[in-house]
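Reading the structure
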Amino acid sequence: MKKFDFHILGPLVALIALVILGALLNSAFLAPANITNVLARSAFIGIIAVGMTFVITAGGLDLSVGSMAAFLAGITIIAMNAALPEIGENWGTILIGMGVAILGGIIAGLVNGLLITQARIEPFIVTLGTMGIFRSLVTWLADGGTLSLEYGLRTLYRPVYYGGIGWITWPIIVFAIIAVLGEWTMRHSRFGRHVEAIGSNDRVARYSAIDVNRVKLLTYLLLGLLVGLATVLYVPRLGSASGSTGVLWELEAIAAVIIGGTALKGGRGRVWGTVIGVLILSLIDNILNLADLVSPYLNGAIQGVIIVLAVVLQREKRTADER
Amino acid sequence: MSILSLQNVSKSFGPIQVLHNVDLALEPGEVHALIGENGAGKSTIMKILGGFLDPTEGQIVLDGQPVAFASGPDAEAQGIVVIHQEFNLASDLTVAANVFLGRELGGFRLKHAAMREQTAALLKRLNTKISPDAKIGRLSVPDRQMVEIAKALSRNARVLIMDEPSAVLTHREVGTLYEQIDRLRAEGVAILYCSHRLDEVAHLADRITVLRDGRVVRQALRGDLTEDGMATAMVGRELEDFYPPKGNPAPEAALSASGLAVPGRVHDVSLQLRKGEVLGIAGLVGSGRTELAEGLVGLRSSTGEIRVNGKPVRINNLRDAFSAGLAYLTEDRKEAGLLLDKGLRVNLTLATLEKFGTWRIDSHAEDKALARATQDFDIRAKDPNMLAGKLSGGNQQKLLLAKTMLPDPEIIIIDEPTRGIDVGTKRQIYAFIRKLAAEGRSVIVISSEMTEVIGLSDRVLVMREGRLVGEVEGDAMTEDNIVRLAMGVTSDSGKAA
């Protein structure tokens, strides 16, 4: 147990190596402005990925989160624009928007969860379907174009993304809180234990008096809630949403979960690993942009290699166990 | 001359030596039984004979020549076929496709008709009604066993190594299995037969090898070793009475059910379990025993009235059952009982986590509970942090028992208490069940092992086709009476309900 476990520490070592590499390649890398930028951009995927960790650990999957975020951003903007004449250009309107995002996220998660647990359809199929539905809905709402928040509201809402405590902006703070809560929940709560048990063997879970469907449903609800929260932080960044908002976020979130050492087949969840996975993915992007070594267009390729590598390393550990 | 033999074979895994100078010879036309407690080295011997492991020292001799098998398939090509306890069948393929898996007939285009015909012929030889076109996933476990045997036959086995083949079979199917073994023996096949059931070893084996702690402690010919002698040799000490003395149940009922039904599986069952009683439920596989138990504890939806200590209770799920003081230990230890890829602690407390903290799970309290369970149930784990899947079958069963007892139930339903575990652990579990009853708890034991039901229970209910068909008690608790009731053969003994 005490010996160096590459399986657990591997992602952390990779992250540290990336930070050192970044610092060597470009002195601007460690500047607070750059760090803030990297972390804030990680926050959306990161918050979603924490929720995804629970879904995957319970043996599920959610492909719809990127489209869901776009759809939630769309209805949030529409709701705020609609409330503007009634309530005025103040935080009341923005709170309504936030409420719509969070509530919408919970409802979207509920839809996914109910289809999976009650209608007993494979998570892959259900969320592939809702992925298309959410994406199409936002495109339709925007009439193929862009939904924009009214200028005044945008100015008022902006600090939620750009402001914060010192150089630590709100998205970073929220991400950190969610990560800590997520790790605690997975590690120390009954819910977390049940999630791992279900992913490990849902029949054993059922025979251990665990309400398997309820716990599974809760993982999708939690993920929906967190997608809503990510949307609340995302909307003030650009103040707009369109059919191309949040494209491929689902894959980045899943990739982060896998790189972090959570098993795709479920049963073993590591929230802090997911956080490291998210940071690794954003750092690669950032370093490629800062350094001229490799074209930033190859970002996807490098991320792909990392994902495959992470899974290969997981597998080597497993065969070593069997000896 | 023997076909296949081990000469002075030793095997070590790292620093641990699991076999010590084993000599074992398989003769054509002979059934050679290999017995020993779990961990005695039986599976290692089977793996070495089957080409899955190499010996560390000593040699394997095939037809008088020393050989080294490159792999399982290499050994199979030389006529040595192993039937594993865990089946090697692809559940989405048909029976015929499985029988010919890896050596399909035909070239680029498969000869489906020929494979199906040959499979049908093999199955007919085995006296089964399995269709060659049936999907494995839809077959019952005993039928899958038959398919495994058909597969072995189709490979023209000269040496057949069978690991607990009867463990999953019902009474009738065991009969067919024995016939097949007799037939294979007559054809000159050498059979190595591993079993925990000493009665069948005594019945089948021409030669018996007893292993203990990786050493051969006894070799005997048919008739030279009684069942008692086998057990003594395996355990290495005298076994007093195998089953603990019977108890003294109180007259009042701890649990009573009337008109209990599980749709399609169990019909109109009424029963009473007395306080301090061990009540056996016997019946063939598929007679609805497990379904009845699962209906009682809310794992299956059921109708009818259930009373605990005279008070009616509603049990819609396992949680309700726990609150009513009922607990159920599943027959399927590996797929429904324990999380094999999790530690002992997580497994122990999984069903009772609310006892270990409202919000935060108190891992110290969990560790204490594990330490206590390890002691109370004599769970032998090398390391408390090891995975449940790495425990031996007997220790897994003890862990599962500890898990089942953690909610402190008054009524415990134990389905197949000792399936696939060694003699020593069996005795511990029997003693433990008896202790529960002596403490005033009430226990229902469901078992396919006739001697177990009779030896353990104060009273036995017999099920057939989803109904209770009889009850035997006292001197009427004989194998004969129970089998007659279970098979629906009318007789004058045993009162029909």
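Throughout this document, residue positions are counted from 1 along each chain, in the order its sequence is written. Chains and ligands are labelled by the order in which they are written, letters from A for the one and numbers from 1 for the other. Thresholds applied to this predicted model are a pLDDT of at least 70 for local features of residues and 80 or more for the giving and counting of side-chain atom pairs; totals over whole chains, interfaces and linings are not thresholded and use all residues.

Remarks on the overall build of chain A
By the criteria applied, helices consist of DSSP H or I runs no shorter than four residues and strands consist of E runs no shorter than two, each listed in order from the N terminus. Regarding its fold elements, chain A presents 14 helices and four strands. Radius of gyration: C-alpha atoms only; globule rule: 2.2 Å multiplied by the number of residues to the exponent 0.38. Taking 20 Å as the expected radius of gyration for a compact globule of 323 residues, we find that chain A reaches 20 Å, a close match to that expectation. By its C-alpha atoms, chain A is 70 × 55 × 35 Å across when sized along the principal axes. Whether two residues are in contact depends on their C-beta atoms, placed from the backbone: they are in contact if these lie within 7 Å. Taking contacts inside chain A between residues at least 6 apart in sequence as the whole, the part at least 24 apart equals 79%.

Some remarks on the overall build of chain B
The secondary structure content of chain B amounts to 17 helices and 21 strands. For a compact globule of 497 residues, the expected C-alpha radius of gyration is about 23 Å, and chain B comes in at 24 Å, within 12% of that figure. Structurally, chain B occupies a C-alpha span of about 70 × 50 × 50 Å along its principal axes. Classification of the 497 residues of chain B by burial places 45% in the buried group. Considering only contacts in chain B between residues 6 or more positions apart, those separated by 24 or more positions represent 67%. Any residue with 12 or fewer other C-beta atoms within 10 Å of its own C-beta is exposed, any with 20 or more is buried, and the rest are partly exposed; the C-beta atoms used are placed from the backbone.

So, the packing of helix α3 (residues 65-87) of chain A against helix α4 (residues 91-117) of chain A
All names here are of chain A. Two elements in contact, α3 and α4, have axes separated by 8 Å at closest approach and are oriented at 145 degrees. In the packing of α3 onto α4, the handedness of the crossing is right-handed. Counted together, M68, L72, I75, T76, A79, M80, A83, L84 and I87 of α3 and G92, T93, I94, I96, G97, V100, A101, G104, G105 and A108 of α4 form the full contact between these two elements. Considering only residue class, the contact of α3 with α4 consists of 13 nonpolar, six polar and no charged. Axis definition: a line fitted to C-alpha atoms, over the contacting stretch in the case of helices. Angles run 0 to 180 degrees between N-to-C directions. Crossings are classed by handedness, with left-handed meaning an anticlockwise turn of the near helix from the far one by less than a right angle and right-handed meaning a clockwise turn. Amino acids are sorted into nonpolar (Ala, Val, Leu, Ile, Met, Phe, Trp, Tyr, Cys and Pro), charged (Asp, Glu, Lys and Arg) and polar (every other residue, Gly among them).

Structural notes on the interface of chain B and chain A
As a measure of interface size, the accessible area lost when the parts come together is often cited. Contacts between the two partners involve 21 residues from chain B, matched on the other side by 14 residues from chain A. Tallied by class, the residues present in the side of chain B that touches chain A amount to 12 nonpolar, three polar and six charged.

Observations concerning the sheet that holds strand β14 (residues 303-308) of chain B
All names here are of chain B. What makes two strands pair is DSSP finding at least two bridges between them. The four strands lie next to each other as β12-β11-β14-β15, forming an open sheet whose pairing is antiparallel. In this open sheet, the two edge strands, each paired with only one partner strand, are β12 (266-274) and β15 (311-313). Direction aside, the axes of adjacent strands within the sheet are offset by 20 degrees on average. Where strand β11 (residues 253-262) lies against β12, six bridges are found, and the strand directions are antiparallel. Following the sheet pairing, L255 is matched in β12 by L273. Contacts between helix α9 (residues 289-296) and the sheet are confined to β11, β12 and β14, with β11 contributing the most and set at about 110 degrees to the helix.

Quick notes on the pairing of strand β20 (residues 467-473) of chain B
All names here are of chain B. Looking at chain direction, strand β19 (residues 459-464) and β20 are connected through six bridges and run antiparallel. Each residue of the ladder has a partner; that of V462, found in β20, is G470. Linking β19 back to β20 in an antiparallel pair, the connection comprises two residues, with E465 at a positive phi of about 45 degrees.

Brief notes about the sheet that holds strand β3 (residues 31-35) of chain B
Residues and elements named next belong to chain B. Across the sheet, six strands lie side by side as β6-β7-β8-β3-β9-β10; this open sheet has mixed pairing. If you trace the sheet from one side to the other, it starts and ends with β6 (80-83) and β10 (215-221), each paired once. Adjacent strand axes in the sheet meet at a mean angle of 15 degrees when their direction is disregarded. In this sheet, strand β8 (residues 190-194) lies alongside β3 in parallel orientation, the contact comprising four bridges. Among the inter-strand pairings, H32 is bridged to a residue of β8, identified as L192.

Things to note about helix α5 (residues 141-154) of chain B
Residue and element names in this part refer to chain B. A helix is expected to span 1.5 Å for every residue after the first. Relative to the 20 Å expected for 14 residues at 1.5 Å per residue, α5 spans 20 Å between its end C-alpha atoms, a close match to the ideal helical length. Among the 14 residues of α5, 11 are classified as buried, and the element is accordingly described as predominantly covered. Inspection of α5 places P142, D143, Q145, M146, V147, E148, I149, A150, K151, A152 and L153 among the buried residues, and these make up the whole buried set. Against β6, α3 (95-99), α4 (112-125), β7 (159-163) and α6 (171-186) lie the buried residues of α5. Positive backbone phi, approximately 50 degrees, marks N156, located one or two places after α5.

Considerations on the packing of helix α8 (residues 170-188) of chain A against helix α13 (residues 271-290) of chain A
Residues and elements named next belong to chain A. One can describe the packing of α8 onto α13 by two numbers: an axis separation of 8 Å at closest approach and a directional angle of 145 degrees. Listed contacts from α13 to A179, G182, E183 and M186 of α8 are V271, W272 and V275. Considered class by class, the residues forming the contact of α8 with α13 number five nonpolar, one polar and one charged.

Some thoughts on the pairing of β7 of chain B
Residues and elements named next belong to chain B. Burial within β7 is extensive, with five of its five residues counted as buried. Where burial is concerned, the two faces of β7 agree: the one with V159, I161 and D163 and the one with L160 and M162 are both buried. Looking at chain direction, β7 and β8 are connected through five bridges and run parallel. Bridging from a neighbouring strand, L160 pairs with I191 of β8. Handedness of the β-α-β unit built from β7, α6 and β8 comes out right-handed. Call a crossover right-handed when, viewed with both strands pointing away from you, the route from the first strand across the helix to the second goes clockwise.

Considerations on the confidence of the model for chain B
pLDDT measures how confident the predictor is about each residue, on a scale from 0 to 100. Overall, the predicted model of chain B reaches an average pLDDT of 88, with 97% of residues at or above 70. Low confidence marks residues 491-497 of chain B, where pLDDT is under 50. Its contacts with residues over four positions away, or in another chain, come to 17 contacts.

Describing the confidence of the model for chain A
In low-pLDDT regions, the fine details of the predicted coordinates are not to be read closely. Here chain A averages 91 in pLDDT, and 95% of its residues register 70 or above. Note on residues 318-323 of chain A: pLDDT under 50 across the span, and zero contacts to partners over four residues away in sequence or across chains.

Notes on unusual backbone geometry
Residue and element names in this part refer to chain B. In this structure, D408 takes a positive phi of about 60 degrees despite not being glycine. Tracing the backbone shows D408 in the loop between α14 (393-405) and β17 (411-415). Taking the number of C-beta atoms within 10 Å as the measure of exposure, D408 has 11 and is therefore exposed.

Notes on the environment of L26 of chain B
Inspection of the secondary structure puts L26 of chain B in strand β2 (residues 16-26). Separated by 163 residues in sequence, L26 of chain B and V189 of chain B place their C-alpha atoms 9.4 Å apart.

Re the environment of L226 of chain A
Residue and element names in this part refer to chain A. Note that L226 resides in helix α11 (residues 212-238). The sequence separation of L226 and A176 amounts to 50 residues, and the corresponding C-alpha distance is 13 Å. Residues in contact with L226, not counting those within four places in the same chain, are I47, I48, V50, G51 and I178.

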